[in-house]
Every structure is written in structure tokens, then in C-alpha cells.
Amino acid sequence: MIRTLLARVGLVATAAGVATLLTATPAAAHGADAPDGTDYRTRTTGVTPQRPGLEVRVVEAGARLELTNDTGRAVEVVGYSGEPYLRITPDGVFENSRSPATYLNRTIAGDTALPAEADPAAPPTWRRVADGTTVRWHDQRALWQESAPPAAVRAAPDREHRVRDWTIPLRDGADQVTIGGTLDWVPPPDAYTWWAVTIVGLLAVGALGLLTAASPAGARALSAVGTLLVVGGVVAVAYPVGRELDAGAQGVGGVTLGLLSGQIWSLLTGLGAIAAGCYALARRPAADFAVALAGACLALFAGAANAAVFARSIAPVPWSPEIARVMVALVLITGTGATAAGVLRLHAAAKTPTPART
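Residue numbers run consecutively from 1 along every chain, following the written order of its sequence. Selection of residues for local features in this predicted model requires a pLDDT of at least 70, selection of side-chain atom pairs for listing and counting requires 80 or more, and totals for whole chains, interfaces and linings are taken over all residues. Here the side-chain values reflect all heavy atoms present in the structure, with hydrogen atoms and water set aside.

Trainee: How do you make sense of the packing of aromatic side chains when you look at a structure like this?
Mentor: The geometry of two aromatic rings is summed up by the distance between their centres and the angle between their planes. Note on ring pairs: Phe, Tyr and Trp rings are taken, using the six-membered ring of Trp, and paired if centres are within 6.5 Å. Classes follow the plane angle, with under 30 degrees stacked, over 60 edge-to-face and the rest tilted. Tallied over the entire structure, the rule returns 5 aromatic pairs. Each ring, one from Tyr40 and one from Trp144, has its centre 6.3 Å from the other, and the planes form 20°; the classification is stacked. Within this pair, whereas Tyr40 is found in strand β1 (residues 40–48), its partner Trp144 is found in the loop between β8 (134–137) and α3 (151–155), the two being separated by 104 residues in sequence. Exposure categories follow from relative accessible area, calculated using a 1.4 Å probe and restricted to protein chains: below 20% of the type maximum is buried, above 50% is exposed, and the middle band is partly exposed. When its relative accessible area of 15% is taken as the criterion, Tyr40 is described as buried. Site record: aromatic cluster; members linked through ring pairs are Tyr40, Trp144 and Trp185. A run of DSSP states H or I qualifies as a helix once it reaches four residues; a run of E qualifies as a strand once it reaches two. Both are numbered from the N-terminal end.

This is the structure we're talking about:
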């Protein structure tokens, strides 16, 4: 029986890995290709001249700009060749299918092939893309698109650098308006330190599985692992909520929709870890198996999937990148450690001889 459970842990972990590879496409999170982290900090200084009801902010760790037009008038975002690109009106958001920016801005890399109809000199052809008065889009003017960092960064990568000040023109009727902002390079953290701390932590948690399950110490160890799984599960749920907030989701409905459409794996594994932790705290049968399985899924889907923040200075959450790294490290420690502890306890149980029947 125990060997069967161990085999199932391996099968589920393998299936989880395959599912991650099959579903890890850019569209799986937030917008088209929201980054898991970056070393370029994009900020906006606002709209000039100021327009009451016209608000702009940076979302998705700087990958997109969000413009909200509550002026009651139509406002246009101007494309790269001076053509009308986006039109935000009280009746909805429209994009110009003749604007090259419509296609170039579909990915953060700006590598979409232009169709024959893309012609900045042609009269605009407007196509509704959203209801409401808010639009989000990639804009190459606010991003660093080169594969190599700027020369100043290569010369002194351990210092913060201003890459450029950027502007994006708007049209408010006959008036010219400008979105302004800055793009900075921020030195990344030492990823080795974060991984070293994480590995030490997960080994410490995993070592709890060495305590004899039938002993009082073993019972306390199972409770400790269960408590850690609950904490890790809560953090695993909180992190994708932060990603959705950073992506511009508003209200409970907006966040929930974003979680269900783009962060479902992290959400489910977080909730599963909480359930498995409670199961272990209740000392229920097969708690070791539940701990091992939930821990593996937690580490894979909520930990490893977000581990890029260990090596990036800007995290895709609305709090500091240091807190984001601590959260991801905690998820990896609790998830991987719980898996190791659960497997060790299952292995010990498999080796324990069954008392002979009389």
C-alpha cells in the first residue's frame, strides 16, 4: 500500500511537470506576456498638460501602460509613425487596424509580423476591442527592447542608471497631450544567496521527516509540517493576487477573474496546500501522502514558477521586490521541504514490519 502511494506521488509530480511545460505560455498570466521579473524599472510622470479624468499608470512590472479616460471625450493614443493607434471613448476602446502599432504591441518583444493592411498613412479603421474606458498596452517607447543592456549598464552593472526619459503623444480633440515617464536600470539581486537560503530552509523542513512517525517527536514534526504547509499555501494564494493587482485588476471580481483565467495553477496548489496542512494537523490517515503530494505541487506551480524574482530587481507585484523574494522562498521551502518530509515518513512506514496476525 505504501509503495503504491509513493509511486502515485512520483506519477503526480511528473504529470505536474508536464502540465507546467504545456501550459507555461506567455498568455497564461495577466496580459499577453507579463514578465515574472525584470531589471528595468518603468515609471510614469503623468499626463502633460494635466487633464482631469485622464489617468495613466504602469502595470505588469512595467510591461504595459494603463490609460483610463473619464473625461467624457474621445482621446487617442498616437502610434510610432504619428498615426492614430488607440481611441478611448465613453462608449468603449477601439484600435486602428491600419496602425502598425496595433500589431507590434501585441507582444512585449514587438516581433509580430505586420499584415498587408498595416499602413500608417491610410485612414484609420477602428475596431472595438473592449468596453469601458480603460486600455492597457505594450509600448516600445517605454521599454528597453535590445537583448544587451545599454553601454552605461555594461560599464557599471552594479549601479542604477537612467536609460532614458520617454514620452507618448495623445490627442484630446485638437489638443496635443503627452504621457511622460522614465526608464531605469536597477541592478539585480544576488540570486545565489536567495537560492542558498532556500535550500538550507527546505533541507531543515525535510529533516522533520527523519523523526520516527510513531514517536511524540514525530507527531509534533507532522504538526509542524502541516502548519508550514498552511502558511505556504496562504502565501501561494497571496502572490498571484498581487500579480493580478499589479496587472491592473480592480475589485474582487476583477482579481477573481484574473486568477481563474491566468493564475489557476498557483491558486489551486495554494488552496490544496492549506487543505493538506489542515489534514496533517488533524492527524488524519494518509496525512503523509497528502503532505508529500501537496508540497510537490506547491513547490512546482507556486514556487519554481515564480523563482525568476530571485534574479530580477523588479517583481510583478505591488509590494517591494524583497518581500516578493521572501514569499517565493517561503513557498519553495515549505513545498519542497514538505515533499521531502512526507516521502521520508512514507518510506519509513514502508520499511516498518507489519505485526504478524495471531
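Once you've had a look at it, read on.
Trainee: Would you mind going over the sheet that holds strand β3 (residues 64–69) with me for this structure?
Mentor: Within a sheet, neighbouring strands are paired by backbone hydrogen bonds and run either parallel or antiparallel to one another. Sheet architecture is open: 3 strands sit in the order β2-β3-β8, paired in antiparallel fashion. A single partner strand is all that each edge strand has here, and the edge strands are β2 (54–59) and β8. Averaged over all pairs of adjacent strands, the angle between their axes in this sheet comes to 20°, without regard to strand direction. As paired strands, β2 and β3 are joined by 6 bridges and run antiparallel to one another. Bridge pairing links Leu54 to Asn69 in β3. By this definition, two strands are paired if DSSP reports at least two bridges between them. Lines fitted to the C-alpha atoms define the axes, with helices restricted to the stretch that makes contact. Angles between their N-to-C directions range from 0 to 180 degrees.

Trainee: Before we go on, may I ask you to explain the environment of Ala156 in this structure?
Mentor: You can see Ala156 is positioned in the loop between α3 and β9 (161–172). You can call Ala156 buried: its relative accessible area is 13%. Each C-alpha atom of the pair Ala156 and Pro187 lies 9.5 Å from the other, and the pair is 31 residues apart in sequence.

Trainee: Explain the pairing of strand β6 (residues 92–96) to me, please; I cannot follow it from the model alone.
Mentor: Consecutive residues of a regular strand have side chains that alternate between opposite faces of the sheet. Of all 5 residues in β6, 5 are buried; the element is thus mostly enclosed. Taking every second residue as pointing to the same face, both faces of β6 are buried, with Gly92, Phe94 and Asn96 on one and Val93 and Glu95 on the other. As defined by bridge partners, strand β5 (residues 84–89) adjoins β6 across 4 bridges and the pair is classed as antiparallel. Counterpart to Thr89 in the pairing with β6 is Gly92.

Trainee: Looking at this structure, how should I read unusual backbone geometry?
Mentor: Excluding glycine, residues mostly have negative phi values, and the peptide bonds linking residues are mostly trans. With an omega dihedral of -10°, the bond running from Thr48 to Pro49 counts as a cis peptide bond. A positive phi angle, near 55°, is found at Glu60, a position not held by glycine. Note that Glu60 resides in the loop between β2 and β3. Classification of Glu60 by relative accessible area gives buried; the value is 4%. Not every positive phi belongs to a glycine, and Ala61 is a case in point at roughly 55°.

Trainee: Help me out: how do you make sense of the pairing of strand β4 (residues 75–78) in this one?
Mentor: Here β4 shows no split at all, with Val75 and Val77 on one side and Glu76 and Val78 on the other all buried. In terms of strand pairing, β4 meets β5 through 4 bridges, oriented antiparallel. Across the sheet, the residue bridging to Val77 is Leu86, located in β5. Between β4 and β5, which pair antiparallel and follow one another directly, the connecting turn spans 5 residues, one of which, Gly82, has a positive phi of 85°. Here β4 runs beside β9; their pairing, made up of 3 bridges, is antiparallel. Within β9, the position partnered with Val75 by the bridge is Asp172.

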